[in-house]
Every structure is written in structure tokens, then in C-alpha cells.
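Residue-level structure breakdown
The chain contents come next:
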Amino acid sequence: MEFTKMHGLGNDFVVIYGEQELPANAAELAIKWCNRFFGIGADGLVYILPSDAADFQMRIINSDGTEAEQCGNAIRCVAKYVYDNGHIDREEITILTIGAGVQPVQLTVKDDKVETVRVDMGEPVLDGLKVPTTIDANPVVNEPIEVGGSGFRFTAVSMGNPHCVIYVDDAVNFDLAAWGSKMEVHPLFPNKTNVEFATVKDRRHVDMRVWERGAGPTLACGTGACATLVSSVLNGVTDREAWISLKGGDLYIEWSEANNHVYMTGPAEIVYTGTTN
Ligand SMILES: N[C@@H](CCC[C@H](N)C(=O)O)C(=O)O
């Protein structure tokens, strides 16, 4: 099997192109190939598939074998892959995801290679039952959550996949493993959740660290950055456009007042291609 190793700000993927549909054993392959000791090593396995509704379809399987509805860093990687490899020669393309539908993507190209990708991530879902959480409120903002005997406050946002944003004093040095793993499986979130720990630096800059559902701590999360910006606007602590600084680098996120869509801009990189079985 030919694969390409890619990443968006260090959130890394094994990318497969050329299949007609998601293989029945995709979960098994994700667990095997994403293993950092016995496999290729990645946070997720990404399939770029044909689509009737868009230029391409993306499916993303987390490293634990569970399928996610959406992935912001992977969608930028998919856009770079198809353009740099000559599968499309337009700088405006569309990609179908199972959680957020058809997403328009704008490429910035230099010397025939994609440098940055701006994705229309669609409208955030703020209805608590749809995120989903067990809370029947819209939006779910600054709600209490108790984990391991400690109390936190969270804001719930779905970008096609569920996110729980928690403000802490120092996100950069926060003990992700201790808290993120427990919040991921908290009974408030029926489909589990991605967890973002955020510290607002000023109205246009937020530090964020992420514990991802199905993958654990990753260097970046595109949908998590979008959820963090939306949460920060709902909590009144940032403007509608801000830089979200992750361990692997920065994403620029905008939440348009005009159409309620969230836009994510950032890089994507090809690391190498290889073969595996
Ligand atoms: N890293 C991603 C999100 C990947 C899926 C996530 N772990 C989930 O299960 O929802 C991103 O960049 O958005």
C-alpha cells in the first residue's frame, strides 16, 4: 500500500489516495499504521476518496480506530495533497466531510505548491443536545463540570465533531494527560469529546493545548482551534478573529458575523511517501 505522511502543525496523518471507498478494515489499519513504535506513527489515518457532491471526500480515522466526523488539520492536508500531486489544478476546491458536509477550500500557491489553506469550516453547532452534551441549552457556555474531585467550567461547541473548551491560568504548562483523558469520557458527552485547555492572552491571541478524542495529546487541532475561537467570542474574551497558538504552531480563525461561518487558515506539509502492508 502506498501512503503519504503529512502534517498540519505537527498533527500528523497517514494519507491514502486512490481507494474508491473506505475499506472495511480501516479501523484495524488505523490502529496498526498509526502506532508510533510498531507502525508508521500518526495521530490519524486519512482517506481521500471520490465524491459526487464535492471534488473529493475525506474520511478520518483516529489512531484508536474510531472514525471522526471532521478534522481541520487533515482537511488542509487533503487540499495540499490533491493540488501538489496534480489531481486538481484549481485554487478553489471543495471537500466533503461526514460531519460538516461540503466545505469550500481556498489554496494559496507558490511555485506550484500549496503554502497555506483557508477552509470554510461552516457554522458551529451550539445546541447542547446536538454537540452532543447531555445539557438541554443553547448555547452551553461556562457550565460546571466535575472531574476527579475538581471543578472546572466548560463551553461546548461542535464543528462537526464535539469540543469542550476550558479556560485555565496556563494552558501551555497544563497537565493534559491528567485532566484531558478524564474529560474525554465524562458522562456529560455521550459521544465522548475533544478537550481544549485555553488561556486568553489578549483579544486576538489565545494559547491552547488539546487532548483529542481517540488520539490523546496532539500538537494541534484545527477544529479545536475553531471551537476555541467560537467559545472565546461566546464568553466575551476575544474578538471574532484571533490567532490560536497550539504546541505545533498558529492557526488564524475567523467567525463571520455576516454568515455565521468559521474560517480556518493555516499550513499543511508533506513529509514523505512510502509503502507499507
Ligand atoms: N485533529 C483534528 C481532529 C481529529 C478528530 C478528533 N480526534 C475527533 O475524534 O473528533 C483537527 O485538526 O480538527
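These notes cover the structure that comes with them. (Residues numbered from 1 in each chain as written. Predicted model: local features only at pLDDT ≥ 70, side-chain atom pairs only at ≥ 80, totals over all residues. Heavy atoms only, no water.)

1. Thoughts on helix α4 (residues 222-234)
Threshold: Every helix listed is a DSSP run of H or I at least four residues long, and every strand listed is a run of E at least two residues long, numbered separately from the N terminus. The span one expects for a helix is its residue count, reduced by one, times 1.5 Å. Buried, partly exposed and exposed residues are distinguished by accessible area as a fraction of the type maximum, computed with a 1.4 Å probe on protein chains only: under 20%, between the cut-offs, and over 50%, respectively.
Compared with an ideal rise of 1.5 Å per residue, which puts 13 residues at 18 Å, α4 spans 19 Å between its outermost C-alpha atoms and is within 8% of the ideal. Within α4, twelve of the 13 residues are buried, which leaves the element mostly enclosed by the surrounding structure. Along α4, the residues that are buried comprise G222, T223, G224, A225, C226, A227, T228, L229, V230, S231, S232 and V233. Once α4 ends, the next one or two residues include G236, with phi positive near 75°.

2. Concerning the side chain of T228
Note the cut-off: Pairs of residues are marked as contacts when any of their non-hydrogen atoms sit within 4.5 Å.
Within the secondary structure, T228 sits in helix α4. With residues up to four places along the chain from it excluded, the contact list for T228 reads V165, Y167, E196, A198, V206, M208 and I244.

3. Looking at the packing of aromatic side chains
Each pair of aromatic rings is reported with the distance of its centres and the angle of its planes. As a reminder of what qualifies: Planes of paired rings set the category: under 30 degrees apart is stacked, over 60 is edge-to-face and the rest tilted, where pairs are Phe, Tyr or Trp rings (Trp by its six-membered ring) whose centres lie within 6.5 Å.
Summed over the entire model, instances satisfying the criterion amount to six aromatic pairs. Look at F3 and Y272: their rings are 5.9 Å apart centre to centre, the planes differ by 80°, and that puts the pair in the edge-to-face class. A residue pair is termed long-range when its members are at least 10 positions apart, and F3 in strand β1 (residues 2-8) and Y272 in strand β18 (residues 269-275) qualify at 269 residues. A residue is classified by how much of its surface remains accessible, and F3, at 6% relative accessible area, is buried.

4. Side note on the site of the ligand
Quick note on the threshold: The near set for a molecule or strand comprises every residue that places at least one heavy atom within 4 Å of it. Within 3.5 Å is the distance limit for a polar contact, defined as a pair of N or O atoms, with the added protein rule that one can donate a hydrogen and the other accept it, and that residues adjacent in sequence qualify only through two side-chain atoms. Computed with a 1.4 Å probe, the accessible areas rest on the Shrake-Rupley method; for each residue, only the protein chains presented here act as cover. By the convention adopted, Pro, Cys, Tyr, Trp, Phe, Met, Ile, Leu, Val and Ala count as nonpolar, Lys, Arg, Asp and Glu as charged, and the other residues, Gly among them, as polar.
Surveying the vicinity of the ligand reveals 14 residues, the closest of which are N11, G72, E212, G222 and T223. In this structure, N62 approaches the ligand through a side-chain N or O atom, which is 2.9 Å from an oxygen atom. Relative to its free-state accessible area of 370 Å², the ligand is covered by the protein chains to the extent of 99%. Of all the elements in the fold, those that place two or more residues in the shell around the ligand are α2 (72-84) and α4. Class assignment of the residues belonging to the shell around the ligand gives a composition of three nonpolar, nine polar and two charged.

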